[in-house]
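Here's the letter readout for the chains.
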Amino acid sequence: MAHSISILSPFPYMDDPFYGGQIRAQHILKNLMAADWPVTIISVFEGQNFSEPTLDYVKDCCIDGTAREYLMQEGMQPDLDLGDAVLQSEKMTAQIIRELKLADADILLLEHPWLWPVAREYLRETDRKPIVIYSSYNNEIQLCRDLQKLNPSPDTDAILARMDALEMDMLKAADAALCVSQEDADSYRALGFDGDILVAPNGVTPMRRLGGLDFWAKELQGIKCATFIGSYHLPNATGLLEMMEPGLQGLKPDMQINVLGDVCRLLDRIGNHDPARRTMLFPRLSLFGKVDRPTINTLVELSRVLLLPITSGGGTNLKTAEALYSGKPILGTTKAFRGFEKFMDRDSVHICDDPADYVATLERLLSEVPKPAPLELDRAELLWSATLNGLDTFLQHLCNFHAPRLTAEDSINLYEVAVEGWDSVDGAGLLWGRERKTELRIPVPDHAQRMRIQFVFGIFNPTNEKRMIKIHSPDLDQDIFNELVGSEANIVKVEIEDFEYNDVSIFLETDKLVSPFDFGSPDTRDLGVYLKSFKCAIT
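Caption draft 1: Spatial organisation of the pairing of strand β4 (residues 107-111). Among the five residues of β4, five are classified as buried, and the element is accordingly described as predominantly covered. In β4, alternate side chains face the same way, and those of Ile107, Leu109 and Glu111 on one face and Leu108 and Leu110 on the other are all buried. Judged from the five bridges that link them, β4 and strand β5 (residues 131-135) form a sheet pairing that is parallel. Residue pairing for β5: leucine 108 is matched across the bridge by valine 132.

Caption draft 2: Representation of helix α6 (residues 140-150) within the structure. Looking only at α6, the buried set comprises Glu140, Ile141, Leu143, Cys144, Asp146 and Gln148. Residues of α6 that are buried sit in contact with β5, α7 (156-173) and α8 (182-190).

Caption draft 3: Highlighting the side chain of serine 505. Within the secondary structure, serine 505 is located in strand β22 (residues 503-510). Dropping the residues within four chain positions of it, serine 505 is found in contact with Glu439, Leu440, Arg441, His472, Ser473, Pro474 and Asp475.

Caption draft 4: Expanded view of the pattern of salt bridges. Counted under the stated rule, the structure contains 18 salt bridges. Between arginine 162 and aspartate 81 there is a salt bridge, with the nearest N and O atoms lying 2.8 Å from each other. Here aspartate 81 lies in the loop between α2 (65-71) and α3 (82-88) and arginine 162 lies in helix α7, a separation of 81 residues in the sequence. Among the residues examined, aspartate 81 registers a relative accessible area of 1% and is labelled buried. A salt bridge links arginine 441 to glutamate 439, with the shortest nitrogen-to-oxygen separation between them at 3.1 Å.

Caption draft 5: Molecular detail of the sheet that holds strand β23 (residues 529-538). With antiparallel pairing, the five strands of this open sheet are ordered in space as β15-β16-β23-β18-β21. For this open sheet the edge positions go to β15 (422-425) and β21 (490-496), each flanked by a neighbour on one side alone. Adjacent strand axes in the sheet meet at a mean angle of 30° when their direction is disregarded. When strand β16 (residues 431-433) meets β23, the two strands line up antiparallel, connected through two bridges. Along β23, the bridge assignment pairs leucine 431 with leucine 531.

Caption draft 6: Structural view of the sheet that holds strand β13 (residues 349-351). Spatially, the six strands line up as an open sheet ordered β10-β9-β8-β11-β12-β13, and their pairing is parallel. Each end of this open sheet is capped by a strand with a single partner; those strands are β10 (285-289) and β13. For this sheet, the mean angle separating the axes of adjacent strands, direction not counted, is 25°. Across the face of the sheet, helix α13 (residues 293-301) comes into contact with β8 (224-229), β9 (255-260), β10 and β11 (305-308) while running at roughly 135° to β8. Of the strands in this sheet, β8, β9, β11, β12 (330-332) and β13 are in contact with helix α15 (residues 355-367), which crosses β11 at around 160°.

Caption draft 7: Broad picture of the environment of arginine 265. Mapped onto the secondary structure, arginine 265 falls in helix α11 (residues 263-273). Arginine 265 sits in the partly exposed class, given a relative accessible area of 46%. Between the alpha carbons of arginine 265 and serine 89 there is a distance of 31 Å; along the sequence they are 176 residues apart.

Rules used in this analysis
- Note that residues are indexed from 1 along each chain, following the sequence as it is written.
- Whole-chain, interface and lining totals are the exception, using all residues; otherwise, since this is a predicted model, local features are given only for residues with pLDDT of at least 70 and side-chain atom pairs are given and counted only at 80 or more.
- Side-chain measures here rest on the full set of heavy atoms in the structure, leaving out hydrogens and waters.
- For every residue, the accessible area obtained with a 1.4 Å probe (protein chains only) is divided by the maximum for its type, and the residue is called buried under 20%, exposed over 50%, and partly exposed between those limits.
- Working definition: helices are DSSP H or I runs of at least four residues, strands are E runs of at least two. Numbering for both runs from the N terminus.
- Think of it this way: DSSP has to see at least two bridges between two strands before they count as a pair.
- Whether two residues touch is decided by their heavy atoms; if any such pair falls within 4.5 Å, the residues are in contact.
- Salt bridges are counted wherever a side-chain nitrogen of Lys or Arg sits within 4 Å of a carboxyl oxygen of Asp or Glu.
- As a rule, the C-alpha atoms of each element are fitted with a line to give its axis, helices using only the stretch in contact, and angles between N-to-C directions run from 0 to 180 degrees.

Below is the structure:
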């Protein structure tokens, strides 16, 4: 029988999505449907904010008056507090849980963590134990900190506390995560997430038809244009102003910055609060607002350079992928290329993190005669079909090999399993090996059928040189781990079903021991591997 998936999303699904999050969510859906996954999508959103019709096979659940009233309270955030707002409405909560129960899917995927409180309520009410996947768009904790620095309020501390609690609870419960960048994946590992992770960067759809080319070519004749495209996301506006404001007035009269998207509404708000800035700066910006996609394509085509002035925020910028695919010269910041670092050395990419250099480089690029963009051989890597290529395999693997996650209740005292070659547990909770070969031994109860083990290990390695670690068990035909490692912590997961002995032994071997004394410490021990957080479940 085919595995199935339910998606709980805070986005409306439309024929032509505009915002970055909607676009990514829709391409994830297309990827799943192309791979013949039975999919149920439950979309929870504020219907008053969207006038376009949604896809008929998506189960829409629009915010009702009770939830809206909760979100309108002082200090509430429309995304962060969405799940708790839904729980205030018995009608909405019952509708969502009913749809999830009817779907009875093998996988429950959450786009963003916002609806996790509702999903958690569903999991409490059902005997079904689906694989929970956190489809992440940012490290939300870090992004929230950045946004609160940009726009602090009396509620900042409370907002940060709620965000930290929400995303950490999501990570604690999730069996797997879908991340937009390796940087985000690494940040989740650092927060203690030990589930499976697939890094699937944002992608791009090939540019389609142009709209009004003759009209706009005539309107912009004699003007050397740069274009910036952004959504109603504060880092878009603050990044543009931070990088452009110091020198924008000095641009030549025949140079113009076209700004597209709902970032124009943010810039308007900023200008309304600062009339002097509006008078000096905004005449050099042409604020188009939200326009249709054919017009975007046309204005990109008529531009000499595309701007990516991102200085804060998290995740990856979908506009970076689109700019790269266009083949146009790009003037960006290092932060704008999170997740796209391999493309930074292209001839068409110019990176400036200093505002004065940024504006000077912009003026130079606008002054240069446009050259035909060469066809880059790696452009296909930017397509959604490439960036999401591993999703189906990842989900199939989770379904075929999934077992419920080991939790804190499955933890075992390290001293109970460490039998040979070990020293003592230090103040950081690490059990250190004093010999090159150490042994863990776990008793096997009568009638046991399966044992699942998970632990974190590392080595004393102050120089971070690559060292060989081998982990093996007589109960398994293949090594559990046999790789070169540095100073990082590593997670081992192993499942054993055929028990040949009364005890399961696991051996950890390292190529050498190293003494902290040789690196200026008074500790004279010779140390090898260390263990942390050993968990075991036997069925």
